[in-house]
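# Summary of the model geometry
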Amino acid sequence: MAAGVTWRAALAETRAQLAALAQEMRRDGDDGRSMASPNVFNRRAIGRIAPTTRAPEFAMDVKVSVIYCVAFFVLNWFVRACVVEPLARRLMGFKNGESRGGRAKVQKFAQSALEMVFYGTFTIIGALLVPQQPWFWPSTEWWRGTPTKTLATSAALRCYYLAYGARYVAAMANVLMEHKRKDFWEMQLHHVATILVIVSSYTTGWTRVGAVIMLVLDPADVPLHAAKCAKYVGDARGNKRYQLAADVLFGIFMLTFFVMRLVMYPYVVWSAGFEARKFFTPNAAYYFCVALLCVLLFLQVYWFGLIVKVAHRVVVAGAAEDVRSDDDESDDDQADDDAKKKTK
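Residues numbered from 1 in each chain as written. Predicted model: local features only at pLDDT ≥ 70, side-chain atom pairs only at ≥ 80, totals over all residues. Heavy atoms only, no water.

## A look at the overall build of the protein chain
- Across its full length, the protein chain carries 11 helices and 2 strands.
- Reading the protein chain from its N end, one meets helices and strands in the order α-α-β-α-α-β-α-α-α-α-α-α-α.
- Each of the 344 residues in the protein chain was classed as buried or not, and the buried ones make up 50%.
- Approximately 17,200 Å² of the protein chain is accessible, and the part contributed by carbon and sulfur atoms is 64%. (Helix = DSSP H or I, 4+ residues; strand = E, 2+ residues; numbered from the N terminus. Buried < 20%, exposed > 50% of the residue type's maximum accessible area, 1.4 Å probe, protein only. Areas by Shrake-Rupley, 256 points an atom, 1.4 Å probe, with all protein chains shown as cover.)

## Here's the deal with empty space enclosed by the protein
- Throughout the structure, instances matching the rule amount to 5 cavities of 30 Å³ or more.
- Computed from the structure, the second largest cavity encloses a volume of approximately 120 Å³.
- Phe72, Asn76, Glu115, Phe118, Tyr119, Arg167, Tyr168, Ala170, Ala171, Asn174 and His191 are the residues that line the second largest cavity.
- Looking at the lining of the second largest cavity, the elements that each hand over two or more residues are helix H3 (58–92), helix H4 (100–129) and helix H5 (155–176).
- Counted by class, the lining of the second largest cavity contains 6 nonpolar, 3 polar and 2 charged residues. (1 Å grid on protein atoms, 1.4 Å probe; cavity = no way out; pocket = protein on both sides within 12 Å on 5 of 7 lines; lining within 4 Å. Points joined across faces, edges and corners; volume = space filled by probe spheres on them. Nonpolar A, V, L, I, M, F, W, Y, C, P; charged D, E, K, R; others polar.)

## Brief notes about the packing of aromatic side chains
- This structure, assessed with the given rule, holds 23 aromatic pairs.
- Between Phe122 and Tyr164, the aromatic rings sit 5.6 Å apart at their centres with planes inclined by 85°, giving edge-to-face as the arrangement. On the criterion of sequence distance, the pair formed by Phe122 in helix H4 and Tyr164 in helix H5 is long-range, its members being 42 residues apart.
- By relative accessible area, which is 5% here, Phe122 ends up buried.
- In this structure Tyr164 comes out as buried when scored by relative accessible area, which is 3%.
- Note that Arg167 overlies the ring of Tyr164, its terminal NZ or CZ placed 4.6 Å from the centroid. (Phe/Tyr/Trp six-rings, centres within 6.5 Å; stacked < 30°, edge-to-face > 60°. Lys NZ or Arg CZ within 6 Å of the ring centre and 35° of its normal.)

## Regarding the side chain of Thr123
- Within the secondary structure, Thr123 sits in helix H4.
- You can call Thr123 buried: its relative accessible area is 18%.
- Discounting residues that sit within four places of it in the chain, Thr123 has contacts with Asp218, Pro219 and Val222. (Contact = heavy atoms within 4.5 Å.)

## Considering the environment of Ala104
- Looking at the element boundaries, Ala104 is found in helix H4.
- Taking the relative accessible area as the measure of exposure, Ala104 reaches 6% and is therefore buried.
- For the pair formed by Ala104 and Glu178, sequence separation is 74 residues and the distance between their alpha carbons is 9.8 Å.

## Examining the packing of H5 against helix H6 (residues 184–204)
- Put simply, H5 and H6 touch, their axes get as near as 10 Å, and they point 155° apart. By the angle between their axes, H5 is roughly antiparallel relative to H6. The crossing of H5 and H6 is left-handed. The residues of H6 that touch H5, namely those facing Arg158, Tyr161, Leu162, Tyr164, Gly165, Tyr168, Val169, Ala171, Met172, Val175 and Leu176, are Phe184, Gln188, His190, His191, Val192, Thr194, Ile195, Ile198, Ser201 and Tyr202.
- Grouping the amino acids of the contact of H5 with H6 by side-chain chemistry returns 14 nonpolar, 6 polar and 1 charged. (Axes fitted to C-alpha atoms, helices over the stretch in contact; angles between N-to-C directions. Parallel < 35°, antiparallel > 145°, perpendicular 65-115°, else oblique. Left-handed = near helix turned anticlockwise from the far one by under 90°.)

## Description of helix H1 (residues 7–25)
- When the terminal C-alpha atoms of H1 are compared, their 27 Å separation across 19 residues agrees well with the 27 Å that a helix rising 1.5 Å per residue should span.
- For H1, the set of buried residues is Ala10, Ala12, Glu13, Thr14, Ala16, Gln17, Ala19, Ala20, Leu21, Gln23 and Glu24. (Expected span 1.5 Å × (residues − 1).)

## Observations concerning the nonpolar core
- Core analysis: the biggest nonpolar cluster contains 59 residues, and Tyr68, Phe72, Trp143, Tyr160, Trp206, Tyr265 and Leu293 have the highest contact counts within it.
- Within the residue set of this core, elements represented by two or more residues are H1, H3, H4, H5, H6, helix H7 (207–217), helix H9 (240–273) and helix H10 (284–317).
- No other element matches the 12 residues that H5 contributes to this core.
- Those residues in contact with Tyr68 that lie beyond four places of it in its chain are Thr14, Gln17, Leu18, Cys159, Leu162, Ala163 and Ala166. (Core = buried A, V, L, I, M, F, W, Y, C linked by side-chain atoms within 4.5 Å.)

## Observations concerning H9
- Across its 34 residues, H9 extends 47 Å between first and last C-alpha, which sits within 8% of the 50 Å expected from 1.5 Å per residue.
- Maximum bend of H9: about 30°, positioned at Tyr265, with proline Pro266 one to four residues after it.
- Looking at where H9 begins, the residue whose side-chain oxygen comes 2.8 Å from the main-chain nitrogen of Arg241 is Asn239. (Bend = angle between axes of the 7 residues up to and from the residue. Polar contact = N/O pair within 3.5 Å; in protein donor to acceptor, adjacent residues only side chain to side chain.)

## Re the confidence of the model for the protein chain
- Per-residue confidence for the protein chain averages 85 on the pLDDT scale, and 83% of its residues sit at or above 70.
- In this model, residues 28–50 is a region of pLDDT below 50 whose contacts with residues beyond four sequence positions or in other chains number 33 contacts. (pLDDT = per-residue confidence, 0-100.)

Printed below as a string of structure tokens:
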């Protein structure tokens, strides 16, 4: 495709990808074949489209990624302002406005609720899309034919891949507009490393293992953010049932994190570092990708250390505390206390 790709063509490609993804997830259960094959692609609904399977095309893929990124950013803040924050105020009992600390709790609830929705959505999409691919297992299939046979991707997988990367670009912008957390720089490093992994794997034919990594890393964040939401409501209402729910969800998160990110993900890193070499000669791009995977693995180990600290607090104090809370949260609470004293 020529470099002068129009935004109209990019929008048509975006619609084609979304249609293919929807069809792929409604696979034919009778014969096990995907409904996203070229013969059943809905050309009437989406008009003139690019082939369902193709290699990366820089101009087109960049514009499609921008469309996904803008859509995620706008959707995040629209839903947050119109739905999630009003719901948070209702759940927390803030009927006549909230204090400075209360506003912080509402914003943090909204942030975690939307993270839960986004991670949950991509977890479902990944679970429906990735395991049905013919190269999903054994892991040697991730590398067989690299890069000649692995560079081209189906429209459905391309949608999942580009949208996944766009989500993290939007997340980097969102973090700058939200409360700064204690692990702000670690999160930014994680986002940058993830985006670089997606870009490098997409352009070098590592999309198979990249899709597996996406599938492995997302699920743990769902119970984590659900636990945070329960904790914020429990703190605001002083209701121990919400705190109990937060502790249970945190336990589920801890187990999921350990299995998915410290057992399965290290296997993926091992496969990339050793098993992959049986199928091609390593080059500079290969070592760059492996280095990025190791950075992500280091961050998982670092975060699990924080998780263990929280688990220790649950055992000792009987309640979990968010180790990634805002640095100024205690200041907000102190300001609320001072304001109450002045009104007395």
